[in-house]
Amino acid sequence: MGKTVIGKQAKPDYGVILILLAGAFVALLANTLLNIALPSIMKEFDVTASTVQWVTTGYMLVNGVLIPTTAFLIQRFSTRQLFLTAMLLFTAGTVLGGFAPAFSVLLAGRMIQAAGAAIMMPLLMNVMLTSFPIEKRGAAMGIFGLVMIFAPAIGPTLSGWIVENYDWPVLFHIISPIAFIVLVLAFFKLKDKKEKVAIKIDVLSVILSTIGFGGILYGFSSAGNKGWSSPEVYITLIVGAVALVIYIFRQFQLKQPMLDFHVYKYPMFTLASAISVTLNMAMFSAMLLMPIYLQTLRGISPFHSGLLMLPGAIIMGIMSPITGKLFDKFGAKILALIGLTITLVTNYTFSQLSMDTTYTTLIIMYTVRMFGMSMVMMPIMTNGLNQLPMRYTPHGTAMNSTLSQVSGAIGSALLVTIMQNRTKSQAEELAKEAMSHMTAQPTKSAMAEMKQQIMAKATLEGINFSFLVSTVIIVLALVLALFIKRAQPAKEEVNTQATKSESL
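The rules behind each value
- Residues numbered from 1 in each chain as written.
- Predicted model: local features only at pLDDT ≥ 70, side-chain atom pairs only at ≥ 80, totals over all residues.
- Heavy atoms only, no water.
- Helix = DSSP H or I, 4+ residues; strand = E, 2+ residues; numbered from the N terminus.
- Buried < 20%, exposed > 50% of the residue type's maximum accessible area, 1.4 Å probe, protein only.
- Contact = heavy atoms within 4.5 Å.
- Areas by Shrake-Rupley, 256 points an atom, 1.4 Å probe, with all protein chains shown as cover.
- Phe/Tyr/Trp six-rings, centres within 6.5 Å; stacked < 30°, edge-to-face > 60°.
- Lys NZ or Arg CZ within 6 Å of the ring centre and 35° of its normal.
- Expected span 1.5 Å × (residues − 1).
- Axes fitted to C-alpha atoms, helices over the stretch in contact; angles between N-to-C directions.
- Parallel < 35°, antiparallel > 145°, perpendicular 65-115°, else oblique.
- Left-handed = near helix turned anticlockwise from the far one by under 90°.
- pLDDT = per-residue confidence, 0-100.
- Patch = residues over 30% accessible without salt bridge, like charges linked within 9 Å, V, L, I, M, F, W, Y side chains within 5 Å.
- Salt bridge = Lys/Arg side-chain N within 4 Å of Asp/Glu carboxyl O.
- Polar contact = N/O pair within 3.5 Å; in protein donor to acceptor, adjacent residues only side chain to side chain.
- Core = buried A, V, L, I, M, F, W, Y, C linked by side-chain atoms within 4.5 Å.
- Nonpolar A, V, L, I, M, F, W, Y, C, P; charged D, E, K, R; others polar.

### A few points about the overall build of the protein chain
- Scanning the protein chain from N- to C-terminus turns up 20 helices and two strands.
- Every one of the 504 residues in the protein chain was classed for burial, and the buried ones make up 55%.
- Counting only contacts in the protein chain whose residues sit at least 6 apart along the sequence, the fraction spanning at least 24 positions is 85%.
- Looking at the protein chain as shown, the accessible area adds up to about 22,000 Å², and 68% of this sits on carbon and sulfur atoms.

### Some thoughts on the packing of aromatic side chains
- Overall, the coordinates contain ten aromatic pairs when judged by the stated rule.
- Geometry around Phe187 places Arg80 over its ring, the cationic atom sitting 5.2 Å from the centre.

### A closer look at helix α4 (residues 54–66)
- Helix length check: α4 (13 residues) gives 17 Å between terminal C-alpha atoms against 18 Å at 1.5 Å per residue, within 8%.
- Where burial is concerned, most of α4 is hidden: eleven out of the 13 residues are buried.

### Observations concerning the packing of helix α15 (residues 332–350) against helix α16 (residues 359–374)
- Two elements in contact, α15 and α16, have axes whose closest approach is 7 Å; the angle formed by their N-to-C orientations is 155°. Classified by the angle between their axes, α15 and α16 sit roughly antiparallel to one another. Relative to α16, α15 is oriented so that their crossing is left-handed. Here Gly339, Ile342, Thr343, Thr346, Asn347, Thr349 and Phe350 of α15 lie close against α16, whose contacting residues are Leu362, Met365, Tyr366, Val368, Arg369, Phe371, Gly372 and Met373.

### Here's the deal with the confidence of the model for the protein chain
- With 89% of its residues at a pLDDT of at least 70, the protein chain reaches an overall mean of 80.
- Low pLDDT, under 50, characterises residues 1–8; the predicted model gives this stretch 19 contacts beyond four residues in sequence or across chains.
- This stretch, residues 494–504, has a pLDDT under 50; its non-local contacts, to residues over four places away or in other chains, come to 27 contacts.

### Some thoughts on a nonpolar patch on the surface
- Where nonpolar side chains cluster on the molecular surface, the patch consists of Ile201, Val203, Leu204, Ile207, Ile211, Tyr234, Ile235, Ile238, Val239, Val242 and Ile246 and spans about 940 Å² of accessible area.
- Going through the elements one at a time, α11 (203–226) and α12 (231–253) are the ones with two or more residues in the nonpolar patch.
- It is α12 that provides the largest number of residues to the nonpolar patch, a total of six residues.
- In this fold, Ile235 is placed in helix α12.

### Examining the pattern of salt bridges
- Per the stated rule, a full pass over the model turns up one salt bridge.
- In this structure, Arg422 engages Glu461 in a salt bridge whose closest nitrogen and oxygen atoms are separated by 3.1 Å. One end of the pair, Arg422, is in helix α18 (residues 393–436); the other, Glu461, is in helix α19 (residues 444–481), and 39 residues separate them in sequence.

### A closer look at the side chain of Asn347
- Following the sequence through the fold, Asn347 ends up in helix α15.
- We classify Asn347 as buried; its relative accessible area is 0%.
- Reaching out from Asn347, the side chain makes a polar contact with the side chain of Thr471 at a distance of 3.0 Å.

### Here's the deal with the nonpolar core
- Core analysis: the biggest nonpolar cluster contains 97 residues, and Ile41, Phe83, Phe90, Phe103 and Leu106 have the highest contact counts within it.
- Sorting elements by how many residues they give to this core places helix α7 (residues 103–131) first, with 15 residues.
- When near neighbours in sequence (up to four residues on either side) are disregarded, Leu106 contacts Ile41, Phe45, Val55, Gly97, Ala100, Trp168 and Phe172.
- The next biggest cluster of nonpolar side chains, apart from the first, holds 45 residues, and it includes Ala286, Met290, Met316 and Leu335.

### So, the environment of Arg391
- Among the structural elements, Arg391 can be located in the loop between α17 (377–386) and α18.
- Among the residues examined, Arg391 registers a relative accessible area of 15% and is labelled buried.
- Residues Arg391 and Thr130, 261 residues apart in the sequence, show an inter-C-alpha distance of 9.9 Å.
- Polar contacts involving the side chain of Arg391 include one to the side chain of Tyr392, which spans 3.4 Å.

### Focus on the packing of helix α1 (residues 14–33) against α7
- The geometry of α1 relative to α7 is characterised by a closest axis approach of 9 Å and an angle of 140° between their N-to-C directions. Here α1 lies oblique to α7, going by the angle between them. α1 and α7 meet at a crossing whose hand is left-handed. Touching Ile17, Leu20, Leu21, Gly23, Ala24, Ala27, Leu28, Ala30 and Asn31 of α1 are Arg110, Gln113, Ala117, Met120, Met121, Leu124, Val127, Met128 and Ser131, all from α7.
- Its residues assigned to classes, the contact of α1 with α7 comprises 13 nonpolar, four polar and one charged.

### A short note on the environment of Tyr59
- Relative to the assigned elements, Tyr59 resides in helix α4.
- Remark: the alpha-carbon pair of Tyr59 and Asn31, spanning 28 residues in sequence, is separated by 7.6 Å.
- Leaving out residues up to four positions away in the same chain, Tyr59 has contacts with Ala27, Ala30, Asn31, Trp54, Phe90, Arg110, Gln113, Ala114 and Ala117.

### Topic: the side chain of Thr94
- Along the polypeptide, Thr94 turns up in helix α6 (residues 79–98).
- Its relative accessible area of 0% is what places Thr94 among the buried residues.

### Here we look at the environment of Gln453
- Inspection of the secondary structure puts Gln453 in helix α19.
- Among the residues examined, Gln453 registers a relative accessible area of 47% and is labelled partly exposed.

### Re α17
- The buried fraction of α17 amounts to ten of the ten residues, a majority that puts the element mostly inside the structure.
- Taken as a whole, α17 has its buried residues at Met377, Met378, Pro379, Ile380, Met381, Thr382, Asn383, Gly384, Leu385 and Asn386.

As structure tokens, then:
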């Protein structure tokens, strides 16, 4: 499927690609669908906020641990074998989550879901890249971008409406039949064959990868709740970092590495990774901070909070294929510079929020910000992957997906910690100032009201400051984008075994 044979590109199988896109859509939708339902789940199972957070943290951890193995899996197994396994796991996890009688069962269902989703995304990206010639990859990746961006973006709006009108298990029940239909279609429609590839997985690499990526993801994910001084956080981060360094050194020693770090000898791929990491970190500012601002400070309902993000999601969905075609015509640099400038300006306006900022203003700011972002991520990623020889494509896609998870976790932890620290220092400052202006002992009700006002002001300042820090991160991405050049595929190294492993 889409395999290059003696310099000739086979015609892409659009039916197969459509099935893969449908599977990726439901997997990505499931990723963000549960966020707004967490308070309802806490109430039903009588668990704390730090416990319920595992529904999303656990999903991210499984993704982070499994994604590095996908480069090996893509080379070792056919698209049919991998996709059917991924969809079977995802469907089973979804059904289990929907009928969970206890929190532990719900968590198990989410982790099984994540195991399927982790295989799906790099597999789809690899199929898209190997099915289309380089001059048409932008348009193809634009369609992939539509799924990658649109599904998680409509998640909050959809889940907000469902949680307000139905019980949270409905979030699983609406995905289950769609996942089952995709699984059945894939069983009958995916027919690709694959030559036997003599490649074995290195067990030590899997162990080191699990400890390394898992430790770093867990450490950064926990930092927001437990604080950086918690032994659970810094010990996990240290162990993860050490395991990751050993893992990287081991990959360079292996003849058939699980994740080939030689992809970083190609400068445009390296640059694309650096920009994606910085932008991913900044992206999480709006995803995490906006719900706190809207629901906690402004008292806006979960549904209307999600609805605020919908126009931005629609704009991104419309723009993704257009951006893909513009990339084919003009390249990544001009798109990235325009998109990052728009993102930078709108992100800065979010650092100037007040209690009086209108709902309409927030929708416009968020939508324009998403419009800017739609011009950046997919063109940069595609440009970087375009420089890689075909045999490195599975490793490049797996590397991108892994970095997306890790940078997302780092960005989340960093920005939440910055917000919390700023809120705390501002609250202390405002309390001192209020006490110094007091002429008489206030009543209990007046004291409680004053405390509430101080915390609201301090939280707003914390959110604004965190947005300001994320704006500085976007400046770094903009500077890096100045060095983008239009990538051409590097010459394929003579490697007969590698040529065999390209087959899907």
